[in-house]
Amino acid sequence: MKIVKISVFQKDLPLSHPYWLSGGRLKFEVLDATFVKIETDAGILGWGEGTPWGHTYVPAHGPGIRAGIETMASAILGQDPRRLAHVERAMDLCLPGHFYAKAPIDLACWDIAGQAAGLPIADMLGGRDEEGTWIASSVSTGEPEYMLRIVESYRRRGYKAHSCKVGGDIEKDIARIRFLEENRLPGERFLYDVNRAWTRREASIVMNNVADLGITVEQPCETLDDIAALRKITSTPISVDESLVTLQDATRIARDGLAEVFGIKLNRVGGLTKAARMRDVALAHGMQIYVMATGGSVLADTEAAHLAQTIPQEFRLGTWACQDMLTIDMAPGQGARNVNGKLTVSDTPGHGIVPDDEMLGDPFAVYQ
Ligand code: MG
């Protein structure tokens, strides 16, 4: 089987409400999504999505995905999409780094490989646990009462996990965390996501102040060196996501005990092939895992849900349904949807999603 055609589509995905990231320093209203259709000479076609959380959050941006695919297209055409490691190596040799540009290609190839084998991607990745994965909401930062109102709106949709964005004024952060913990219901799982907004000093003050609460803080500072320094002077558990980009990052974090949780984002790490290795590193070191897209439609959420559902439940903390934050649905009636606060993948071969033709419009580029 050979890849004979790559079609790239650009689509703006509007958020239903403006969103402020930790510290309130970044505002988002629309996501720049790239959808990729890969066609083969066997008549099987697959879809992948790459949707960064805006251009300003991490070193990944929508136009970069499309430019990256243009650079790699000649190396991808002619590959057998079922040989995922061959496709991965072809892309890595053609364009070092730029994992976010490779993810939609890798994901579309997994879709094809699953269809060719007659198996859902989760079974291709080692086997699906029957139980769905808790969805963590994404709670925009603000006054404590404002954040609680957002949590309550997700509770009404069945959510039991919430990623609450903090990381501004540290006195306010301590107040936010204490207020939200006081209002956390039994059985709920809250993650306090700083998105790199604290300095080392600020992080140590907040994390030591709230150490009695037993909370987990995500990505408190900018770099892994910061987090390594922080780990020595705090006891609050840490999740790392923005600083978890390469497999080398994963092995360093795990072996050196820099964090207790991996936040694996498929588009940041380069797709399912690379993400599955990080899953294995985490499991080998007794670390728990969140698996998410960086953003996007039901397609991005479903791709992440497939990997999530291969993780044993005691290690699987949650996933995300960015689809619930958008005003449009790219694949009505398809893919993993929120049911009682969980995403569950079906046994349809591949991921089972074909985005709506009319919504996609004409391709941005076609390579063949
Ligand atoms: Mg995060």
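Just above sits the structure.
Residues numbered from 1 in each chain as written. Predicted model: local features only at pLDDT ≥ 70, side-chain atom pairs only at ≥ 80, totals over all residues. Heavy atoms only, no water.

A. Summary view of the packing of aromatic side chains. Counted by the stated rule, this structure contains five aromatic pairs. Judged by centre distance (5.8 Å) and plane angle (35°), the ring pair of phenylalanine 9 and tryptophan 47 falls under tilted. Remark: tryptophan 47 occurs in strand β3 (residues 45-50) and phenylalanine 9 occurs in strand β1 (residues 3-20); sequence separation between them is 38 residues. A single burial state applies to phenylalanine 9 and to tryptophan 47, both of which are buried. Each ring, one from tryptophan 53 and one from tryptophan 320, has its centre 5.5 Å from the other, and the planes form 65°; the classification is edge-to-face. Here the residue tryptophan 53 occupies a position in the loop between β3 and α1 (62-76), and tryptophan 320 occupies one in the loop between β12 (316-318) and β13 (342-343), the gap between them amounting to 267 residues. Like tryptophan 53, the residue tryptophan 320 is buried in the burial classification. An aromatic cluster is built from Phe28, Trp53 and Trp320, whose rings are joined through pairwise contacts. (Phe/Tyr/Trp six-rings, centres within 6.5 Å; stacked < 30°, edge-to-face > 60°. Helix = DSSP H or I, 4+ residues; strand = E, 2+ residues; numbered from the N terminus. Buried < 20%, exposed > 50% of the residue type's maximum accessible area, 1.4 Å probe, protein only.)

B. Quick peek at the state of the cysteines. Applying the stated criterion to the full structure yields zero disulfides. Residue cysteine 164 stays outside any disulfide, its sulfur separated by 16 Å from that of cysteine 322, the closest cysteine. What makes cysteine 164 buried here is its relative accessible area of 0%. Distance from the sulfur of cysteine 221, which forms no disulfide, to the nearest cysteine sulfur (cysteine 164) is 19 Å. (Disulfide = S-S within 2.5 Å.)

As far as function goes, none of this settles anything; it's purely spatial.
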